[in-house]
Amino acid sequence: MKEETTMSKKVLVFAETKDGKLRNISFEAITVAQKLSEGGEVIVSLFGAGASQYVQEVSEYGANKVYLLEDEVLSTYTTDAYTQALCQLIEEAGADVILMGHTAIGKDVAPRAAARLGLGLVSDCTGVDVEGGKVVFTRPIYAGKAFQKKVFNEGKVFATLRPNNFDVEKNPAQAEVISFQPVIKDIRTVVKEIVRKTTGGVDLSEAKVIVSGGRGVKSEDGFKPLQELAEVLGGAVGASRGACDAEYCDYSLQIGQTGKVVTPDLYIACGISGAIQHLAGMSNSKVIVAINKDPEAPIFQVADYGIVGDLFEVVPLLTEEFKKALVSV
Ligand code: FAD
């Protein structure tokens, strides 16, 4: 394979919005795009009616070019419409690298669009670097036990980035704004209603603090003290699959290999043993606190701080102490 010698690239970022706001992963991806473009272009796409409202914000993070796809049909995500629009946009923009979040949308549309265009896809990247003039993607494998490096030699490539893993830097640019009208047809899905399951309004995948409960919480009511602690810390509540399987909480809270992958600043694991499948979803958290009455629990091997004790005694104490500490700040 011919090797890439010049680094000047056109990097397209698929910016994602949720509840009328740009998701943080969009800013992370734009920051990564700046590093990769090296004198090329940082192109950002905004999908859906009213998308022009985000132009100013994405240019503050360094977009040189913004494509607006304001078709009403793109206001709600459907696989068919987004795949068609994205494929046409990639051709139109002449993008070399396409970056998007490893979110529900990214996980769905990226492989489909990549396959349709015959491009490579590196998914769930936790690192993107330029080494010796080449783009190197790092991604976890074996449920986070090892990391794999993938080198991009030539041609276009897609990558999805794991949210909350990349620094965000503002770098204001004057963006050229282009309206793009893709041809969209044969949409097989009709979205009738979007029902969100939330815990206290904080989005689990973007929360800076997560208080997570396992089978040790023992019941649905057992989650209450965890919810109180999360509320005081402005965080969200998560869970192990053990807790979900036992019907103490909804599966939308599940963190791990087959649940959500999270990287908050603070992860408080309460009554969670620390199975490898759970660790796959939270071991990249910045600070991990484990509360478990079993001193041999494997969760203590990944925890920065461990509290051996009964969660029903420890969690309310933490809530009270945080309340006092946060009031006095
Ligand atoms: P347990 O392992 O039963 O641990 C409960 C812990 O609570 C124990 O350590 C105990 O000491 C402690 N405890 C009990 N009472 C108290 C108390 N009062 N105070 C303090 N501590 C207490 N799991 C996930 O979490 N996420 C996944 O995505 C996931 N995917 C999977 C995919 C596959 C293919 C498979 C096979 C499994 C998967 N699992 C996943 C399940 C995983 O293997 C574990 O079974 C699960 O994580 C265990 O949940 P737990 O830690 O809550 O329960």
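Everything here concerns the structure above.
About the cut-offs
Residues numbered from 1 in each chain as written. Predicted model: local features only at pLDDT ≥ 70, side-chain atom pairs only at ≥ 80, totals over all residues. Heavy atoms only, no water. Helix = DSSP H or I, 4+ residues; strand = E, 2+ residues; numbered from the N terminus. Buried < 20%, exposed > 50% of the residue type's maximum accessible area, 1.4 Å probe, protein only. Contact = heavy atoms within 4.5 Å. Core = buried A, V, L, I, M, F, W, Y, C linked by side-chain atoms within 4.5 Å. Near = heavy atom within 4 Å. Polar contact = N/O pair within 3.5 Å; in protein donor to acceptor, adjacent residues only side chain to side chain. Areas by Shrake-Rupley, 256 points an atom, 1.4 Å probe, with all protein chains shown as cover. Nonpolar A, V, L, I, M, F, W, Y, C, P; charged D, E, K, R; others polar. Phe/Tyr/Trp six-rings, centres within 6.5 Å; stacked < 30°, edge-to-face > 60°. Pairing = 2+ DSSP bridges.

### Let's talk about the environment of L89
Summarising the element assignment, L89 is placed in helix α3 (residues 79–93). A relative accessible area of 0% means that L89 is categorised as buried. Taking the C-alpha atoms as reference, L89 lies 40 Å from I276; in sequence the two are 187 residues apart. Sequence-distant contacts of L89, defined by excluding residues within four places in its chain, comprise L12, S45, F47, Y67, L69 and F180.

### A few points about the nonpolar core
Of all hydrophobic cores here, the largest spans 35 residues; its most connected members are L46, L99, V128, F137 and L161. Of the residues forming this core, the biggest block, 7 residues, is contributed by helix α1 (residues 24–37). Dropping the residues within four chain positions of it, L161 is found in contact with I25, A29, V32, L99, M100, G101, H102, C125, V128 and F166. One finds I43, A85, L119 and F158 within the second-largest nonpolar core, a separate group that totals 29 residues.

### Quick notes on the site of the ligand
The full set close to the ligand counts 26 residues, and R215, S240, T258, S273 and N292 are the nearest of them. Between an oxygen atom of the ligand and a main-chain N or O atom of G271, the distance comes to 3.0 Å. In the complex, 76% of the free accessible area of the ligand, which totals 980 Å², lies under the protein chains. Elements supplying a minimum of two residues to the shell around the ligand: α6 (241–245), α7 (276–282) and α9 (311–328). Here the residues of the shell around the ligand are counted per class, giving 5 nonpolar, 15 polar and 6 charged.

### Some thoughts on unusual backbone geometry
When glycine is set aside, most residues are seen to have a negative phi, and most peptide bonds are trans. The backbone of D186 sits at a positive phi, close to 55°, despite the residue not being glycine. Assignment of secondary structure puts D186 in the loop between β12 (176–179) and β13 (209–213). Relative accessible area serves as the criterion here: at 62%, D186 is assigned to the exposed category.

### Looking at the packing of aromatic side chains
The tally for this structure, following the rule as stated, stands at 6 aromatic pairs. Ring plane angle 70° and centroid distance 6.0 Å describe the contact between F14 and Y82, whose orientation is recorded as edge-to-face. In this pair, F14 is assigned in strand β1 (residues 10–14) and Y82 in helix α3, connecting sequence segments 68 residues apart. For the pair formed by F14 and Y82, the shared burial category is buried. Among the aromatic residues, those joined into a ring-pair cluster are F14, F47, Y77 and Y82.

### Re the pairing of strand β8 (residues 127–131)
Looking at chain direction, β8 and strand β9 (residues 134–141) are connected through 5 bridges and run antiparallel. Among the inter-strand pairings, E131 is bridged to a residue of β9, identified as K134. The antiparallel hairpin formed by β8 and β9 contains 2 residues in its connecting segment, where G132 sits at a positive phi of about 55°.

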